[in-house]
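Fold and contact review
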Amino acid sequence: MGSTHVKEPVITLSAGPVAAFPSVLRGMSRPVHYDFDRYFQQFYEDVTVKAAKALRVKQPALILHCEPAPGIEATAASLISPNDVVLNLASGVYGKGFGYWSARYNKELVEIEVPYNEAIDPQQVADAFRKRRDIKIVSLVHHDTPSGTINPAREIGKIVRDNEALLIVDAVSSFAGMDIHPDDCFGDVFITGPGKCLGGAPGITLMAVSERAWKHMEANPKAPRASVLSLLDWKDAWSKDKPFPFTPSVSEMNGFDAALDQYLDEGPEEVWRRHALTARACRAGIKAMGLSLWAKTEAIASPTTTAVRIPEGAKDTDIVRAAREQFGVVLSTGRGETMGKLLRIGHMGPVAEPIYAVVAVTALGGALRRLGRKIDVGTGVEAAMATIQAERA
């Protein structure tokens, strides 16, 4: 049987992986060095220190050589012991999913779940601690990407720390796209990666781990060792004087180094600003076309992903296909519980630029018109442009 050729898209506005910066692609084309060569060992240490600077933590960052989903699973396996009661905060598909990983290792799972277009209320967390003083670990997804919604990590983190528990924070699609760092939210294991807002490739996991979390892992009799799920195996791998547990992803490290340079050279505050402006412009255009945002309130809508409710009678896959065929633009559907209910437009990395808000509004509105909907695309574009111009006035 012959293969069917699918035309390459022109612009990817997905919720991730996202387009990589040209500097990252150039970085990944650099030579692949032997991991025990002194040059690479020094380079690896330098990158972990640079990553710590981006994370705004003192200790060199922990890097796992897998994309963040297995990195999050490794956190559950390493941190959660058979004696731990875990409070899982579920405001979306990814938050709910962590509970399944947690259940493999914990003594008991306590869960707060809200509708997937809402955010966790910090008061709910405080109430949970009043009822269950034995909660030792709390898991939170800062930006639940399948819903495009943000949870109040700082407020929740303060409550967790005041109750002497440990906090796991999934910041995979929020770090570097907005002002959030491990110490800001009292995150004991803060997990992210280069394949979203940093505009890198999605092949590694970046973590900041507190001393409190390391001590808890070291006391966990079930924490894996000699395993891809082990954080402890990689604890000291940042040092040029320590061996790697197994071969690190050399090309991914080259690209990650370039992504960090891109972020730090541009300036974090400027990076966050353009992410936020792109999202605001996109949402202004979406609403002007008569479409609805998925988030219950715009206050919890992420600056890195805009989730749009599917118009009644329309089908998500039809809209995605029409946008790709007519404009060469790739959009994301929902996932799990949000599949078929919303579409997602990513504002991350290189496409977190205001002009891409105009592209997104044009492609989505044009796709709906092609499918027979009465959509005034021009009004949407004008609203997006007005938002951009107001920012720059």
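Here we summarise the structure given alongside this text. (Residues numbered from 1 in each chain as written. Predicted model: local features only at pLDDT ≥ 70, side-chain atom pairs only at ≥ 80, totals over all residues. Heavy atoms only, no water.)

**Re the pattern of salt bridges**
Stated precisely, the cut-off is as follows: Salt bridges are defined as contacts in which a side-chain nitrogen from Lys or Arg sits within 4 Å of a carboxyl oxygen from Asp or Glu. A run of H or I in DSSP becomes a helix once it reaches four residues, and a run of E becomes a strand once it reaches two; helices and strands are each numbered from the N terminus. Under the scheme applied here, a residue whose accessible area is under 20% of the maximum for its type counts as buried, over 50% as exposed, and between as partly exposed, the area being computed with a 1.4 Å probe on protein chains only.
Tallied over the full model, the rule gives 28 salt bridges. A salt bridge links Lys235 to Glu218; the shortest N-O distance between them is 2.8 Å. Here the residue Lys235 occupies a position in the loop between helix 7 (211–218) and helix 8 (250–266), and Glu218 occupies one in helix 7, the gap between them amounting to 17 residues. Note on Lys235: relative accessible area 23%, which makes it partly exposed. By relative accessible area, Glu218 is classed as partly exposed at 47%. In this structure, Glu353 engages Arg274 in a salt bridge whose closest nitrogen and oxygen atoms are separated by 3.9 Å.

**A few points about the side chain of His65**
Condition: Side-chain atoms alone can form a polar contact between residues adjacent in sequence; in general such a contact is a pair of N or O atoms within 3.5 Å, and within protein one must be able to donate a hydrogen while the other accepts it. The contact criterion used throughout is that any non-hydrogen atoms of two residues lie within 4.5 Å.
If you trace the backbone, His65 turns up in the loop between strand 2 (62–64) and helix 3 (68–79). Residue class for His65 comes out buried when judged on its relative accessible area of 12%. Of note is the side chain of His65, whose polar atom sits 2.9 Å from the side chain of Tyr44. A distance of 3.0 Å separates the side chain of His65 from the backbone nitrogen of Ser249, its partner in a polar contact. In this view, His65 contacts Tyr44, Gly203, Ile204, Trp234, Pro248, Ser249 and Met253; residues no more than four positions away in its chain are not counted.

**Notes on the state of the cysteines**
Each disulfide consists of a covalent bond between the sulfur atoms of two cysteine residues. The cut-off we apply is this: The term disulfide is used for any two cysteine sulfur atoms that are within 2.5 Å.
The full count for this structure, using the stated rule, is 0 disulfides. Here Cys197 stays unpaired: no disulfide links it, and the sulfur of Cys185, its closest cysteine neighbor, is 15 Å away. Among the cysteines around Cys282, which has no disulfide bond, Cys197 carries the closest sulfur, lying 15 Å off. Assessed through its relative accessible area of 0%, Cys282 is described here as buried.

**Let's talk about empty space enclosed by the protein**
What counts is decided by this rule: In the cavity and pocket records, a cavity denotes points on a 1 Å grid over the protein atoms alone where a 1.4 Å probe fits but cannot get out, a pocket denotes an open set with protein on both sides within 12 Å along at least 5 of 7 lines, and lining residues are residues with an atom within 4 Å of a point. Grid points are joined across faces, edges and corners, and a volume is the space filled by probe spheres set on the points. Residues are grouped as follows: Ala, Val, Leu, Ile, Met, Phe, Trp, Tyr, Cys and Pro are nonpolar; Asp, Glu, Lys and Arg are charged; every other residue, Gly included, is polar.
Per the counting criterion, the structure on display carries 2 cavities of 30 Å³ or more. Looking at the largest cavity, the residues that line it are Ser147, Gly148, Arg283, Leu293, Trp294, Ala295, Ala301, Thr305, Thr306 and Ala307. Ranked by residue count, the leading element in the lining of the largest cavity is strand 11 (residues 305–309), at 3 residues. Counted by class, the lining of the largest cavity contains 5 nonpolar, 4 polar and 1 charged residues. Put simply, the second largest cavity is a space of about 30 Å³. For the lining of the second largest cavity, a count of residues per class yields 5 nonpolar, 2 polar and no charged.

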